[in-house]
Amino acid sequence: AQSVSQHNHHVILSEAASLELGCNYSYGGTVNLFWYVQYPGQHLQLLLKYFSGDPLVKGIKGFEAEFIKSKFSFNLRKPSVQWSDTAEYFCAVKWRSGGGADGLTFGKGTHLIIQP
Amino acid sequence: DGGITQSPKYLFRKEGQNVTLSCEQNLNHDAMYWYRQDPGQGLRLIYYSQIVNDFQKGDIAEGYSVSREKKESFPLTVTSAQKNPTAFYLCASTTYSGANVLTFGAGSRLTVL
């Protein structure tokens, strides 16, 4: 079965530190890649996405992610985190070979805590 | 404002009772989904529906049932056959041209006592 792995389940950083959250997915052909964020008490919302083209994509709130095809990775980065970045982050993948609208496969999530 | 409305937000039920969670969208989206979120488990797909009167099982469909009688509505029933029903349930939707960008509701938290 196709799978998505997020390396860190809990990350604690101080404000202004740099952030990198790892995401790897299993081989299965062409993919669409996503990062979603769930702030405390809020809806799950899209942070950024990659479909094709430039492998470095920028999202909301200063986040970016890089697609490295040879490593099956789509790591999320932010140069300087803020207290308001405290949230749960989910990597998600859609393998295009699956066809149709059969949903995304999500990683287990990374709970990020930013200390003031 | 367009969006997805899930109700109820919190639900408590006794073991052995069926419960139905509501999901309504006014986004005119074609496809709708139900995910289950558990701590440390991420989101797992329960059921999805691409068109009215049609739906497909996801990865963890056992103990759940759905219907799609209207484009805007996709209710989920958690039956007594679901062995571990206490969880956070998320409904989502997308258009066929949306390239799988899902819009999520606020979720329903079910606790079985």
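Note: the structure precedes this text.
Bear in mind that the values here come from a model prediction, so they are computed numbers and not experimental data.

Peer 1: Any chance you could explain the interface of chain A and chain B here in plain terms?
Peer 2: Frequently, the measure chosen for interface size is the accessible area removed from exposure when the parts meet. Contact residues are listed per partner, giving 19 residues for chain A and 20 residues for chain B. Of the roughly 1600 Å² buried between chain A and chain B, counting both surfaces, carbon and sulfur atoms make up 59%. Linking chain A with chain B are zero salt bridges. Here chain A is connected to chain B by five residue pairs in polar contact (both at pLDDT 80 or more). Secondary-structure elements contributing two or more residues to the side of chain A that touches chain B are strand S5 (31–38), strand S6 (44–50) and strand S10 (87–95) of chain A. When residues in the side of chain A that touches chain B are grouped by element, the largest group, four residues, is from S5(A). Here the residues of the side of chain A that touches chain B sort into nine nonpolar, six polar and four charged.

Peer 1: Help me understand the state of the cysteines, please; the structure alone is not making it clear to me.
Peer 2: Linking two cysteines covalently through their sulfur atoms gives a disulfide. Residue and element names in this part refer to chain A. Per the counting criterion, the structure on display carries two disulfides over all chains. Cys-23 shares a disulfide with Cys-91; S-S distance 1.9 Å. Between Cys-23 and Cys-91, the S-S torsion sits near -65°, and that sign places the bridge as left-handed. With Cys-23 in strand S4 (residues 23–25) and Cys-91 in strand S10, the pair connects residues that are 68 residues apart, well separated along the chain. Judged by relative accessible area, which is 0%, Cys-23 ranks as buried.

Peer 1: So what exactly am I meant to see when it comes to the nonpolar core here?
Peer 2: Soluble globular proteins tend to pack their nonpolar side chains together in the buried interior. With 29 residues, the main nonpolar core has Tyr25(A), Leu33(A), Trp35(A), Leu48(A), Phe74(A), Leu76(A) and Tyr89(A) as its most contacted residues. Excluding residues within four positions of it along the chain, Tyr25(A) makes contact with Ser3(A), Val4(A), Val31(A), Leu33(A), Phe67(A), Phe72(A), Ser73(A), Val93(A) and Trp95(A). Formed by 19 residues, the second largest nonpolar core is a distinct cluster that contains Leu21(B), Trp34(B), Ala61(B) and Phe74(B).

Peer 1: Looking at this structure, how should I read the pairing of strand S9 (residues 73–78) of chain A?
Peer 2: In summary, the side chains of a regular strand alternate between the two faces of the sheet. Residue and element names in this part refer to chain A. Most of S9 is tucked away: five of the six residues are buried. With five bridges joining them, strand S8 (residues 64–68) and S9 adopt antiparallel strand pairing. Paired with Ile-68 across the two strands is Ser-73, which belongs to S9. A loop of four residues connects S8 with S9, the two strands running antiparallel in sequence, and Phe-72 in this loop sits at a positive phi of about 50°.

Reading the values: rules and limits
- Residues numbered from 1 in each chain as written.
- Chains lettered and ligands numbered in written order.
- Predicted model: local features only at pLDDT ≥ 70, side-chain atom pairs only at ≥ 80, totals over all residues.
- Heavy atoms only, no water.
- Contact = heavy atoms within 4.5 Å.
- Buried area = accessible area lost by both parts, 1.4 Å probe.
- Salt bridge = Lys/Arg side-chain N within 4 Å of Asp/Glu carboxyl O.
- Polar contact = N/O pair within 3.5 Å; in protein donor to acceptor, adjacent residues only side chain to side chain.
- Helix = DSSP H or I, 4+ residues; strand = E, 2+ residues; numbered from the N terminus.
- Nonpolar A, V, L, I, M, F, W, Y, C, P; charged D, E, K, R; others polar.
- Disulfide = S-S within 2.5 Å.
- Buried < 20%, exposed > 50% of the residue type's maximum accessible area, 1.4 Å probe, protein only.
- Core = buried A, V, L, I, M, F, W, Y, C linked by side-chain atoms within 4.5 Å.
- Pairing = 2+ DSSP bridges.

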